[in-house]
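One-letter residues, chain by chain:
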Amino acid sequence: MTFNSFSFCCFFVVTLLATWIVGRATKAVSIRNILLLAAGYYFYGSFSWSFLLLLLYVTVLTYGFGIALDRHEGETRKLLIAADIVLTLLPLLFYKYSGFVLSNINLALGSNHGEGLGRIVVPVGLSFFSLQALSYTIDIYRRKIHATTSPIDVALFVGFFPTILSGPIERGRNLLPQIAEHRKITVGQVMNGMTLFVWGVFKKAVVADRLGQYVDWVYGTAEYRNGATLAIAASLYSFQIYCDFSGYSDMAIGVARALGFDIMQNFRFPYFARTMKEFWHKWHVSLTSWFTEYVYFPLGGSRVKTRLRWAFNISMVFLLSGIWHGAAWNFLLWGIIHAALYLAEYKTGLQRPELENRWKAARRILVFMMATLAWIFFRVEDMDRAWMIVGRIVTNPIATIAWGISAFGTVTTLGLLGVFVGCDWLLYRKKLSLGDASQAFTLKSLMLLVGLLLGISLFSVSSESFVYFQF
């Protein structure tokens, strides 16, 4: 039951109505939270009821260690937080990385022990709700927040259904106060949330999924394609993954907003960035900020004695980000490429504030090209194939472009991409407002919503999978 499915729409309407009725009938927040928790468990269980055991496991750990950390001092707290981190990450390490580690050991030893581990299905959302849970206990350890005594509230925080599958990765200090607060659901709030949700569906179904058809065709037959066609496919994949994931995030934020919750923005127009540093302040913000807060700063951040140590700290963030996406060498290389680009940019002085407003268009194009280069290794798991694609792009950039199975379909997709880029630019420049929680829902907002629904009905393609579900 994914966000862009009919079954989810039915589920959400029922959940929203039930939440609204409960909110009107009583001010007892606990009843609303029990309702939302039950809805979240039903939603997550729709993928596989066995996944609920892992969710319960992480929730029990989070609640128990949170209470314990609040009550103890000194060395005991260090042992508690270490135990919580290890136990919370154990399922993630097993499901996501054990097969990769064993396969490489087998390759080195020439054996096949543990071969079946490579076929274990990774529970959807595990990477996301595990990090969300850890942010809560680590913040308690750092004395930024106090433990929540209500197990229902903690369970709802870990299993909040708008964010459980692919984020945004929330922090307890933002979401838990909202969970504990009685909030009325207003019509304007619901309409703004639904407008943002529909915009996310448009990005996913009309832009990302249509681009995916061409990208899959080119990459699936890459050995027969010239450099120009591969370059176009690589560029379109940059837009595909952005529209796919940011579309999902918009849907999640919209659903949460309609229910009365404000969760963090996950994308801030990354392809308008002028440096790779700025790109990473705008791309998958919840994950980047998580690694910054819970890895980069504990390593010393920029407050270290040598530039070499700072470079190490930065590199660790990118390497962990790469490995977090999956247990494969291509993800590790993707992280290495971004670390190298970031450090090279710093070394050459391109991150200097005085250059912020110079050559803006050229720098945006350069950042997009660098990100696109890295996305090739992210998209193509076979390293030899990825290097072949890069080689052809570099050596044969000017050639006749293959238009895919349907030239008309590809041209239509490019036209819709142009519409999206134009809208995104207007949103970036604040010339257009879409689902803004601080603004009232107006006739203009209604016309925009109707236009998006019309675009979805005319041009969407059928796909219920999201790129980031695999992570």
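Refer to the structure above for everything that follows.
One numbering rule holds for all chains: residues counted from 1, following each sequence as written. The predicted origin of the model limits local features to residues at a pLDDT of at least 70 and limits the giving and counting of side-chain atom pairs to 80 or more, whereas totals for whole chains, interfaces and linings rest on all residues. Hydrogen atoms and water are omitted, and side-chain values are computed over all heavy atoms in the structure.

For the rest of this paragraph, the subject is the overall build of the protein chain. A tally of helices and strands in the protein chain yields 17 helices and 0 strands. On the principal axes, the C-alpha backbone points of the protein chain span a range of 65 × 60 × 55 Å. Scored against the burial criterion, the 471 residues of the protein chain give a buried share of 53%. Contacts were defined at the residue level, with two residues in contact if any of their heavy atoms lie within 4.5 Å. Of the contacts formed within the protein chain by residues at least 6 apart in sequence, a portion of 77% connects residues at least 24 apart. A residue counts as positive if it is Lys or Arg and as negative if it is Asp or Glu; His and the chain ends are not included. Charged side chains are reduced to one point each, which is NZ for Lys, CZ for Arg, CG for Asp and CD for Glu. Across the protein chain, the 41 positively charged side chains and the 26 negatively charged ones have centroids separated by 7 Å. Comment: elements are numbered from the N terminus, with helices defined as DSSP H or I runs of at least four residues and strands as E runs of at least two. The buried label applies to any residue whose accessible area, calculated with a 1.4 Å probe on protein chains only, is under 20% of its type's maximum; exposed applies above 50%, and partly exposed to all values in between.

So, about the state of the cysteines. Criterion for a disulfide: a pair of cysteine sulfur atoms at a distance within 2.5 Å. Tallied over the full model, the rule gives 0 disulfides. Free of any disulfide, Cys-243 has its nearest neighbouring cysteine sulfur in Cys-423, separated by 11 Å. Among the residues examined, Cys-243 registers a relative accessible area of 0% and is labelled buried.

What follows concerns the side chain of Ser-321. Secondary-structure assignment places Ser-321 in helix α12 (residues 307-325). With relative accessibility at 5%, the residue Ser-321 sits in the buried group. Beyond its immediate sequence surroundings of up to four residues, Ser-321 is in contact with Trp-280, Leu-287, Phe-291 and Trp-334.

Axis definition: a line fitted to C-alpha atoms, over the contacting stretch in the case of helices. Angles run 0 to 180 degrees between N-to-C directions. One way to put it is that helix α6 (residues 151-158) packs onto helix α7 (residues 172-180) with a least axis distance of 10 Å and a crossing angle of 125 degrees. On the basis of their axis angle, the class for α6 and α7 is oblique. The two elements α6 and α7 cross, and the hand of that crossing is right-handed. Of the residues in α7, those touching α6 at Asp-153, Leu-156 and Phe-157 are Gly-172, Leu-175, Leu-176, Ile-179 and Ala-180. Should an angle fall under 35 degrees it is called roughly parallel, over 145 degrees roughly antiparallel, and 65 to 115 degrees roughly perpendicular, with every other angle called oblique. We call a crossing left-handed when the near helix sits turned anticlockwise from the far one by less than a right angle, and right-handed when that turn is clockwise.

Within α6, 6 of the 8 residues are buried, leaving the element largely enclosed by the surrounding structure. Check the buried side of α6 and you find it contacts α2 (29-45), α3 (51-71), α5 (126-141) and α7.

Each patch groups residues whose relative accessible area exceeds 30% and which form no salt bridge, using 9 Å between like charges and 5 Å between nonpolar side chains of Val, Leu, Ile, Met, Phe, Trp and Tyr. In short, Shrake-Rupley with a 1.4 Å probe defines the accessible areas, and a residue's cover is counted only from the protein chains shown. Just to be clear on terms, a salt bridge is a Lys or Arg side-chain nitrogen sitting within 4 Å of an Asp or Glu carboxyl oxygen. A contiguous nonpolar patch, built from Val-13, Leu-17, Trp-20 and Ile-21 and spanning about 380 Å² of accessible area, is present on the exposed surface. Along the chain, the position of Trp-20 falls in helix α1 (residues 6-25).

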